[in-house]
Structures are given as structure tokens and as C-alpha cells.
Amino acid sequence: MVCALALNRRGIPVTVFEQEPAPVEDQRAASLHPTTLEMLDDLGVTEKIIPLGLVSSAYRFHDRVSYSVVAEFDLDQMRDEFRFPFVLQYEQYKLTASIAAEYANASDFDVRFSHAVTGLTETADGVDVEFISPGGTEHVQASYVIGCDGGRSTVRKLADIEFEGFTYPERFIKIATSFDLGVANPKVAFRNYFSDPNEWCNLFKVQGKRPPGLWRAIMPIKAEETDEAVLDPEAIEQRLQKFFPKIGRYDVEYVNVYAAHQRVAATFRKGRVLLAGDSAHVNNPIGGMGMNGGIHDGINLADKLARVIHGEGADELLDVYSRQRRHAAVKYVQAQTIANKRLMEERDPAVRQTNFDELRHTAENAETAKAYMRRAALADSLRDAAAVT
Ligand SMILES: Cc1cc2nc3c(=O)[nH]c(=O)nc-3n(C[C@H](O)[C@H](O)[C@H](O)COP(=O)(O)OP(=O)(O)OC[C@H]3O[C@@H](n4cnc5c(N)ncnc54)[C@H](O)[C@@H]3O)c2cc1C
């Protein structure tokens, strides 16, 4: 939706095909980094969503074994560098639905639900797109197709683009509770990473649908554990009580289990077919980088594609898009999320201690803390990718 809006702002007519009948309420991404907020601001979106989300300037690393805070990074220190020196906790499903509702109601920004793309045939001057809608199988002609259709992308498969990488043997469980962990435990910020050799945890707050909001915990589950066993309400209760013991049962708003992958498409461009977002790259959620990287793709691509369509740039710009964003995905998002997971799950006590000491020193020194936050906010990835030709 962000890519479509950015293209539309550049005078390019866009049609979005979404296979689901309505905007998908998928409880995944929620952290918008400062770099992404700047891009959304250029589209006039940021000021509208700030009052609807949670402003989170500090994030904390905890040692779950000793119940201590190892390090805190505060984006407020980045006021001189970031227009928005905080992360906005605002669910992706709200962002996409609000863009669709507010902007996509003109013939040149057409969002069609219950339309599933099933085929692509490249022609001399465009792409024939086959889709299934309630009316049956139909076709439309497009100048270009952008696959923003998620990790299992049909567009990527139809274009026969490899999705290189690996899938973790363990899966992750995500549990959301309305119990206000932030009030109950003052050590907790809106965004937290708990290192634990047995069960690391990411804990974040989102607004959800009503006050006091939701706390979302993501933890690993063993490869041999069945969905049935981990989704059993008693097992969920025990998991939460082990994490933070309290009197009375937890109110669980939702829970799901999912596989995590580290994969990047071999190319983000093949002829007139382009990939952006999870269709181009997937990663574990530690660090909140997947959606942010996808939005960065969408903005980069919209700019270059608009120039190509308007005759202001050569077709090769689309290859530059592929190289720049693939570089950002491989060198930054993949590398950082893999490292983040290792830090969270490290088992060797000596290595854990060394990791914590390094993290503490990094956070305590203003310059190293800023460098850390620049990288975590994907600012380094944008600067470095922009230099790729
Ligand atoms: C638990 C969890 C927490 C996360 N937290 C964060 C976070 O805080 N920050 C962050 O940056 N990232 C986070 N991520 C990653 C993030 O959720 C994804 O990177 C992001 O949702 C990908 O968005 P997307 O638009 O590329 O794909 P999707 O959100 O998967 O959207 C793809 C859409 O395409 C539609 N579609 C699929 N096939 C077709 C077809 N053939 N025709 C038409 N429509 C089709 C689907 O219905 C879907 O609506 C998290 C992931 C998980 C699992």
C-alpha cells in the first residue's frame, strides 16, 4: 500500500490486487523505525498515525536469567539526526487499512479485494496479469507488476526467481495479553529483548483495539513440540506465568505459531516484474526489520519506477533498485536479525557475559550508542544501499 501510494503521488495509475475479501488483520509487524517514519512523513501519513500509535523512544535488553536490565538505548539521543527520534508502535494491518480507506478510492488508485493473481505473461510492452475474482478468471494489462504478496509470493514463483536462504528448525509462538505488564513490572519498556539460554523472549506493547493495549510476547518453541500442545490454554498460561508470575490467570487476546525464515530473492527484478517486501526477503522478527525493510523497498522502487515511466530515467534504474535493496536486505537486515537471534539465545555463560558487557559498554558511551541505534533503525542500510550503483 505504501508503494502504491508513493507511485500514485508521482502520477502513476495503480491497481492493487488483494486476494482476501478485506484488509487483513494480521498480528505481525508493529514497530515503525525513525527512518520509515520519515518516508511516511513525505507521503503525509506520519502525523496522522502518531496519535493512533505508541511513541517508544527507549528499548531495553534484559537478562532473563538474572532478571536484570543489561542495557537501554534511548532514541531521544538521536534528536539531531532523526526527524522522529522514536519508534512508533503501530500495527501494520492498521497502516495498510488506513491508506486503503483514505487514499485508494480513485480510478487511478484502485484497490480490489477478493482478487488473487494467478498468472503473468510478459508481452512486448507490458505484462498480462491473470487473476481470479468473484466474477471468475480475468486478465488485465499492466506496464509493470510489483509482487508485494508476502513470503509465499505467487508473483516471485511465477517469475521463477529463487528464494535463497534457510528456515529455522524451531518455530515461534506469539501471545498477546491485555494484562498490563508495563505497570506490573517497572523494568519493562514498550520494547524489550530478553536473552535466555532456554527461552528468549521479545516483549512489545501495541495499542490493539482498546485501552490498556496489548503486550505481545514472542518466544521460541522446540521443533518437536506440536501446535496442539503449545496452543493448549494451560500451556500458554504456564508459559506466561513462567515469564512473569502473577496472581490469577492471564487474559490472552490471541496466540499463533509460525515458522521463521532467513531468505532473500536472487533478484528483485526480472523484466517487468519487480519484488518488494516479504516477497523479496524474509527474516526473523527480532529487531522489527521486515516491514520496515519492505517499506524502504516500496519507496525506493516507486521513485525509480516513476522516473522510468515518465521518461526521466533509463530502464536500468530498475536494476539499480534490485541491487540497492538486495544489498540492504543481505548486508543489514539478514545479518542483523541473525545476530540478534544469536544474542538472545546464547547458551555459553562466558559468551553471554561477554555479549552483555559489550552491549552495556555500547549503550553507556554516547557515540557507540548512537552508532548502534543508527544501525538498528536501518539508517546505515539506507546510506550504504544508496551508494550501490
Ligand atoms: C510475529 C511477527 C512480528 C513482526 N514484527 C515486525 C516489526 O515489528 N517490524 C517489522 O518491520 N517487521 C516485523 N515483522 C515482519 C513483518 O510482519 C513482515 O515483514 C511484513 O508483514 C511483510 O509485509 P508485506 O506487505 O511484504 O507482506 P504481507 O503482509 O504478507 O502481505 C502480503 C499480502 O499479499 C496478499 N496476497 C498473497 N498472495 C496473493 C495473490 N496471489 N494475489 C493477491 N494477493 C495476494 C496477502 O493476502 C497479503 O495481504 C514481524 C513478523 C512476525 C511474524
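Asks: Hey, could you go over the overall build of the chain for me, with residue numbers and the actual values?
Replies: A count of helices and strands for the chain gives 13 helices and 20 strands. Since a compact globule built from 389 residues should have a radius of gyration of about 21 Å, the 21 Å found for the chain is in line with a globular shape. When the backbone C-alpha atoms are referred to their principal axes, the chain occupies close to 65 × 45 × 40 Å. For the chain, the residues scored as buried account for 52% of the 389 residues in total. Considering only intrachain contacts with a sequence separation of at least 6, the fraction spanning at least 24 residues in the chain is 72%. Roughly 17,300 Å² of accessible area belongs to the chain as shown, and the carbon and sulfur atoms make up 52% of that amount. Charge-centre separation for the chain: the mean point of 45 positive side chains lies 2 Å from the mean point of 56 negative side chains.

Asks: Account for the pairing of strand β8 (residues 109–112), naming residues and giving values.
Replies: Side chains of β8 alternate between two faces, with F109 and V111 buried and D110 and R112 left unburied. In terms of strand pairing, strand β1 (residues 14–17) meets β8 through 4 bridges, oriented parallel. Within β8, the position partnered with V16 by the bridge is V111. Sheet topology note: the strand β7 (residues 105–106)/β8 ladder contains 2 bridges and is antiparallel. Each residue of the ladder has a partner; that of A106, found in β8, is F109. Taking the residues that link successive antiparallel strands as the turn, the β7-β8 hairpin has 2 residues.

Asks: I'd love a proper account of the site of the ligand, names of residues and values included.
Replies: Neighbouring the ligand are 28 residues, the closest being E18, R28, Q92, D278 and M291. With respect to the ligand, the backbone of G290 contributes an N or O atom lying 3.3 Å from an oxygen atom. A distance of 2.8 Å separates an oxygen atom of the ligand from a polar atom in the side chain of N292. Protein contacts shield 85% of the accessible area of the ligand, which totals 1,000 Å² for the unbound molecule. Sorting the residues of the shell around the ligand by element identifies β9 (116–123) and α9 (290–309) as the ones contributing at least two each. Residues belonging to the shell around the ligand are distributed by class as follows: 12 nonpolar, 10 polar and 6 charged. Lining the shell around the ligand are residues from two domains, each supplying at least three of them: domain 1 (2–165 + 262–386) and domain 2 (168–260).

Asks: Talk me through the sheet that holds β8; I want residue IDs and the actual numbers.
Replies: Read across the open sheet, the 3 strands follow the order β1-β8-β7; overall the sheet is mixed. Lying at the two open borders of the sheet, with one neighbouring strand each, are β1 and β7.

Asks: Outline empty space enclosed by the protein, listing residues and values.
Replies: Evaluation of the coordinates by the stated rule reveals 2 cavities of 30 Å³ or more. If you add up the space inside the largest cavity, you get close to 130 Å³. Lining the largest cavity are 15 residues, with Y59, R191, Y193, G287 and A376 positioned closest to its centre. Of all elements in the fold, only β4 (58–63), β14 (191–195), α10 (317–345) and α12 (366–376) reach the threshold of two or more residues within the lining of the largest cavity. The class makeup of the residues in the lining of the largest cavity is 10 nonpolar, 4 polar and 1 charged. Looking at the second largest cavity, the residues that line it are F61, H62, Y193, S195, L343, M344, F356 and L359. At the level of secondary structure, the elements contributing two or more residues to the lining of the second largest cavity comprise β4, β14, α10 and α11 (349–364).

Asks: Describe in detail the layout of surface pockets, supporting the description with residues and values.
Replies: Considered as a void within the structure, the second largest pocket measures approximately 340 Å³ in volume. Lining the second largest pocket are 15 residues, with N198, E199, P220, I221 and K222 sitting closest to its centre. Top element by residues in the lining of the second largest pocket is helix α8 (residues 233–243). It accounts for 3 residues. Of the residues in the lining of the second largest pocket, the class split is 4 nonpolar, 2 polar and 9 charged.

Criteria and cut-off values
- Residues numbered from 1 in each chain as written.
- Predicted model: local features only at pLDDT ≥ 70, side-chain atom pairs only at ≥ 80, totals over all residues.
- Heavy atoms only, no water.
- Helix = DSSP H or I, 4+ residues; strand = E, 2+ residues; numbered from the N terminus.
- Rg over C-alpha atoms; globule rule 2.2 N^0.38 Å.
- Buried < 20%, exposed > 50% of the residue type's maximum accessible area, 1.4 Å probe, protein only.
- Contact = heavy atoms within 4.5 Å.
- Areas by Shrake-Rupley, 256 points an atom, 1.4 Å probe, with all protein chains shown as cover.
- Lys, Arg positive; Asp, Glu negative; His and termini not counted.
- Charge placed at Lys NZ, Arg CZ, Asp CG, Glu CD.
- Pairing = 2+ DSSP bridges.
- Near = heavy atom within 4 Å.
- Polar contact = N/O pair within 3.5 Å; in protein donor to acceptor, adjacent residues only side chain to side chain.
- Nonpolar A, V, L, I, M, F, W, Y, C, P; charged D, E, K, R; others polar.
- Domains from an automatic or database assignment.
- 1 Å grid on protein atoms, 1.4 Å probe; cavity = no way out; pocket = protein on both sides within 12 Å on 5 of 7 lines; lining within 4 Å.
- Points joined across faces, edges and corners; volume = space filled by probe spheres on them.

So yeah, pure geometry; function would need other evidence.
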